[in-house]
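Here is how the chains run, residue by residue.
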Amino acid sequence: MSRGRDEVDELLEAWARERGDLDLGPVAVFSRISRLAHHVDRARRQAFSAHRIEPWEFDVLAALRRAGAPYELSPGRLLRETLVTSGTMTNRVDRLTARGLVERHPDPADRRGVLVRLTPEGKEAVDGAFAALLDAERDLLADLSPADQRKMADLLRRLLLPFAD
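Residues numbered from 1 in each chain as written. Predicted model: local features only at pLDDT ≥ 70, side-chain atom pairs only at ≥ 80, totals over all residues. Heavy atoms only, no water.

Here's the deal with the overall build of the protein chain
Counting its secondary structure elements, the protein chain contains seven helices and three strands. Expected size for 165 residues packed as a compact globule is a radius of gyration near 15 Å; at 20 Å, the protein chain overshoots this value by more than 25%. Based on the C-alpha atoms only, the size of the protein chain along its principal axes is roughly 65 × 30 × 25 Å. The buried share among the 165 residues of the protein chain stands at 26%. Counting contacts in the protein chain only where the partners sit at least 6 residues apart, residues at least 24 apart contribute 47% of the total. For the protein chain, the accessible surface area stands at approximately 11500 Å², while carbon and sulfur atoms represent 54% of it. Averaged over its 27 positive side-chain charges, the protein chain has a centre that lies 3 Å from the centre of its 28 negative ones. (Helix = DSSP H or I, 4+ residues; strand = E, 2+ residues; numbered from the N terminus. Rg over C-alpha atoms; globule rule 2.2 N^0.38 Å. Buried < 20%, exposed > 50% of the residue type's maximum accessible area, 1.4 Å probe, protein only. Contact = heavy atoms within 4.5 Å. Areas by Shrake-Rupley, 256 points an atom, 1.4 Å probe, with all protein chains shown as cover. Lys, Arg positive; Asp, Glu negative; His and termini not counted. Charge placed at Lys NZ, Arg CZ, Asp CG, Glu CD.)

What about the side chain of Arg92?
With respect to the element layout, Arg92 can be found in helix H5 (residues 86-98). Lacking a salt bridge, the buried Arg92 has Asp59 as its closest oppositely charged neighbour, with an N-O distance of 5.1 Å. Beyond its immediate sequence surroundings of up to four residues, Arg92 is in contact with Trp56, Val60 and Val84. (Salt bridge = Lys/Arg side-chain N within 4 Å of Asp/Glu carboxyl O.)

So, the nonpolar core
Core analysis: the biggest nonpolar cluster contains 25 residues, and Ile53, Phe58, Leu61, Leu64, Leu78 and Val102 have the highest contact counts within it. Within the residue set of this core, elements represented by two or more residues are helix H2 (25-49), helix H3 (55-66), H5, strand E3 (110-118) and helix H6 (120-140). When residues in this core are grouped by element, the largest group, seven residues, is from H3. With residues near it in sequence (within four places) discarded, Leu78 still touches Val60, Ala63, Leu64, Leu73, Met89, Val93 and Val116. (Core = buried A, V, L, I, M, F, W, Y, C linked by side-chain atoms within 4.5 Å.)

Regarding the sheet that holds E3
The three strands are arranged E1-E3-E2 in an open sheet whose pairing can be described as antiparallel. Looking at which strands have only one partner, the edges of the open sheet turn out to be strand E1 (72-73) and strand E2 (102-107). Here E1 runs beside E3; their pairing, made up of two bridges, is antiparallel. Within the sheet, the bridge partner assigned to Leu73 lies in E3 and is Val116. (Pairing = 2+ DSSP bridges.)

See below:
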């Protein structure tokens, strides 16, 4: 396996020269995570734009798609799935409805409530965008073996667990 140098190596050398008294281990990890997040974000935007949807649209559509047929959720459940505020979700559902990607239906279990449902056009858009996203992410991981990918996923999970609700 090649152990090439990256810009974080240069950053670490400069900090070590200036602040050799500090443990720079966290910088080696989190500076790389931050830079990788930038590349992942760019790949996501490109995958989604090819299917004419924005990342925030994908988040809502994907939450509905993952719910399974009939691909509908209450606005409250969408809030929990996408981690946005109520006002933001209302705006997003309005915009997705105007585009014909979702529709609102009365909630049969709560006569005052509504359910947000994926339309066939919304399902097609999210399915295409998700397939494109997986292709882009596979490309980003191409230099890692499947075993290394599993190991990385496990390590990242350990870092994220303290933040789980």
